[in-house]
Amino acid sequence: MSNQLVMYEEELQQLTAICDVLQRDSNAKAVLVIDKNGQAIAQSGEVEHLDVTSLSSLTAGNVAATGGIASLLAEKEFAGQFHEGEKTNVHISIVGARVILLVLFDERSSLGLVRLRVRKAAAELTIVLEALVKKSEAGNQPSVFAEITDDDIDNLFND
Amino acid sequence: MSFINYSSREINCKIVYYGPGLCGKTTNLQYIYNKTNPEAKGKMISLATETERTLFFDFLPLSLGEIRGFRTRFHLYTVPGQVFYDASRKLILKGVDGVVFVGDSQVERMEANIESLDNLRTNLAEQGYDLDKLPYCVQFNKRDLPNSAPLEELTEVLNPTKVPQFEAVATKGVGVFDTLKAVAKLVLTELKRGS
Ligand SMILES: Nc1nc2c(ncn2[C@@H]2O[C@H](COP(=O)(O)OP(=O)(O)OP(=O)(O)O)[C@@H](O)[C@H]2O)c(=O)[nH]1
Ligand SMILES: [Mg+2]
């Protein structure tokens, strides 16, 4: 199964730079890029107090469930979601085929502004992600697994 | 779908616990959660009904240690076992790297076990996976109950392909970590094989 996602330093920096700009230009609290299976990929803003792992898994579950509803209704995927809280609002959108963009914002920003900036960021993220997929499919990057031995794997469980 | 992050030096994998309603999937994760050091685990999330039946999934992120400078992180999920939650089960199987089938040893749950195992195969196939090619283990849970079926019978019916299998009493933790380690090892071995 070649649907493995691989992330390299160079692309991560590019993704993070896009998130930084989005976070700043939209006055957002935080921006997360999450893959559809629930793994956090990149983040920026006030993330120290966030449980990024849980947030990523739940957001992916939410998007998967919403996507399931869409296909039951013979809709193409719903493009985005917005949840309004008392203090924090959540904007969720799908970028390309396999990535989710999550923006957390408060009264310092607005849905209109977030939507506008997300559109721009999504286009840029798509380009980087496509390049990333090509790079990892080309497979000419050294794989960490080529060096791992069965003993390494066994040792992980010897405690 | 494993996620290898060369930047943060992490290997992330997804393991799904599958099986009929009430077989003990959530109990497996709860035991693992309770027995794992705080620094090696994240929060356990259970999306459950008021009667503690899994509604969508349980989620437990675990860190199992390092291999050649890479942190190995496993995301454990359970599916809701009740038959009518099939749409949710399909969603949770997406991107899976390894599967544990938890069977309920009680004689009267045999049909439910068989149905769930068939359902697992079907749902995987729908997404282009073949259970026989995935890292996969079987756990026979609730071995403590007096009405449990003999091991030979369970093996014959629920593990015809003879993948690694474990007897368990998830409430007491018997067999829980053995099962987890076995599937985690198969997942890493498969990643190595595919590289
Ligand atoms: N006697 C006994 N009871 C068990 C064992 N494992 C789980 N149970 C009990 O079985 C019941 C159901 O366990 P869960 O872990 O919630 O089952 P589940 O597979 O997650 O069920 P769903 O969420 O509906 O799919 C609970 O009351 C557990 O305490 C076991 O090994 N022995
Ligand atoms: Mg459950």
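Residues numbered from 1 in each chain as written. Chains lettered and ligands numbered in written order. Predicted model: local features only at pLDDT ≥ 70, side-chain atom pairs only at ≥ 80, totals over all residues. Heavy atoms only, no water.

When you go through chain B residue by residue, the secondary structure sums to five helices and eight strands. Seen along its three principal axes, the alpha-carbon backbone of chain B occupies a region of about 50 × 35 × 30 Å. For chain B, restricting intrachain contacts to residue pairs at least 6 apart in sequence, the fraction spanning at least 24 positions comes to 68%. Placing the 24 positive and 23 negative side-chain charges of chain B at their respective mean positions leaves the two points 8 Å apart. (Helix = DSSP H or I, 4+ residues; strand = E, 2+ residues; numbered from the N terminus. Contact = heavy atoms within 4.5 Å. Lys, Arg positive; Asp, Glu negative; His and termini not counted. Charge placed at Lys NZ, Arg CZ, Asp CG, Glu CD.)

Tallying secondary structure elements over chain A gives five helices and six strands in all. For chain A, the α and β elements follow one another from N to C terminus as β-α-β-β-α-β-β-β-α-α-α. Taken over 159 residues, chain A has a buried fraction of 43%. Accessible area for chain A stands at about 8300 Å²; split by element, carbon and sulfur atoms hold 52% of it. (Buried < 20%, exposed > 50% of the residue type's maximum accessible area, 1.4 Å probe, protein only. Areas by Shrake-Rupley, 256 points an atom, 1.4 Å probe, with all protein chains shown as cover.)

Residues and elements named next belong to chain B. Here helix α3 (residues 110–126) contains 17 residues, and its C-alpha end-to-end distance of 24 Å stays within 8% of the 24 Å for a straight helix at 1.5 Å per residue. Contacts made by the buried residues of α3 are with β2 (10–18), α2 (86–93), β6 (98–104), β7 (136–141) and α4 (151–158). Positive phi shows up at glycine 128, right after α3, with a value of about 85°. (Expected span 1.5 Å × (residues − 1).)

Take the pairing of β6 of chain B next. For a regular strand, side-chain orientation follows a simple rule: the groups alternate between the two sheet faces. All names here are of chain B. Buried residues dominate β6, accounting for seven of its seven residues. Judged by which residues are buried, β6 turns out to be covered on both faces: Gly98, Val100, Val102 and Asp104 on one side and Val99, Phe101 and Gly103 on the other are all buried. Bridge count between β2 and β6: four bridges; the pairing is parallel. Considered in β6, the bridge of isoleucine 15 is made with glycine 98. The pairing of β6 with β7 spans six bridges and is parallel. Paired with valine 99 across the bridge in β7 is tyrosine 136. (Pairing = 2+ DSSP bridges.)

Quick look at α4 of chain B now. All names here are of chain B. Those residues of α4 lying buried are Leu154, Thr155 and Leu158. Across the axial projection of α4, the buried residues extend over an arc of 100°, all falling on one side. Along α4, exposed side chains directed more than 90 degrees from the buried face belong to Glu152 and Glu156. Contact partners of the buried residues in α4: β6, α3, β7 and β8 (165–167). (Arc of directions from axis to C-beta.)

The next point concerns the confidence of the model for chain B. The pLDDT averaged across chain B works out to 95; a share of 99% of its residues lies at or above 70. The complex model carries a pTM of 0.93, and its ipTM stands at 0.85. (pLDDT = per-residue confidence, 0-100.)

Right, let's get into the interface of chain B and chain A. Taken together, the contacts link 40 residues of chain B with 39 residues of chain A. If you sort the residues of chain B by the area they bury against chain A, Met1, Phe3 and Tyr6 of chain B come out on top, with a joint share of 20%. With a shortest N-O distance of 2.7 Å, aspartate 152 of chain A and arginine 68 of chain B are connected by a salt bridge. With eight residues, the single largest contributor to the side of chain B that touches chain A is strand β4 (residues 54–67) of chain B. (Buried area = accessible area lost by both parts, 1.4 Å probe. Salt bridge = Lys/Arg side-chain N within 4 Å of Asp/Glu carboxyl O.)

On to the pairing of strand β5 (residues 89–95) of chain A. Residue and element names in this part refer to chain A. Across the seven residues of β5, six count as buried, placing the element largely inside the fold. Note that strand β4 (residues 80–84) and β5 share five bridges and pair antiparallel. Counterpart to histidine 83 in the pairing with β5 is valine 90. Pairing between β5 and strand β6 (residues 99–105): seven bridges, direction antiparallel. When the bridges of β6 are listed, serine 93 appears paired with leucine 101. Where β5 folds back onto β6 in an antiparallel hairpin, the turn is made up of three residues, including glycine 96, whose phi is positive at roughly 60°.

Bringing the site of ligand 1 into the picture now. All names here are of chain B. Not every one of the 19 residues close to ligand 1 is listed here, only the nearest: Lys25, Thr26, Thr27, Arg53 and Gly81. Within the contact set of ligand 1, an oxygen atom lies 3.0 Å away from a backbone nitrogen or oxygen of glycine 24. Between ligand 1 and arginine 53 there is a distance of 2.7 Å, counted from an oxygen atom to a side-chain nitrogen or oxygen. Broken down by element, the shell around ligand 1 gets its largest block of residues, three residues, from helix α1 (residues 25–35). The class makeup of the residues in the shell around ligand 1 is seven nonpolar, eight polar and four charged. (Near = heavy atom within 4 Å. Polar contact = N/O pair within 3.5 Å; in protein donor to acceptor, adjacent residues only side chain to side chain. Nonpolar A, V, L, I, M, F, W, Y, C, P; charged D, E, K, R; others polar.)

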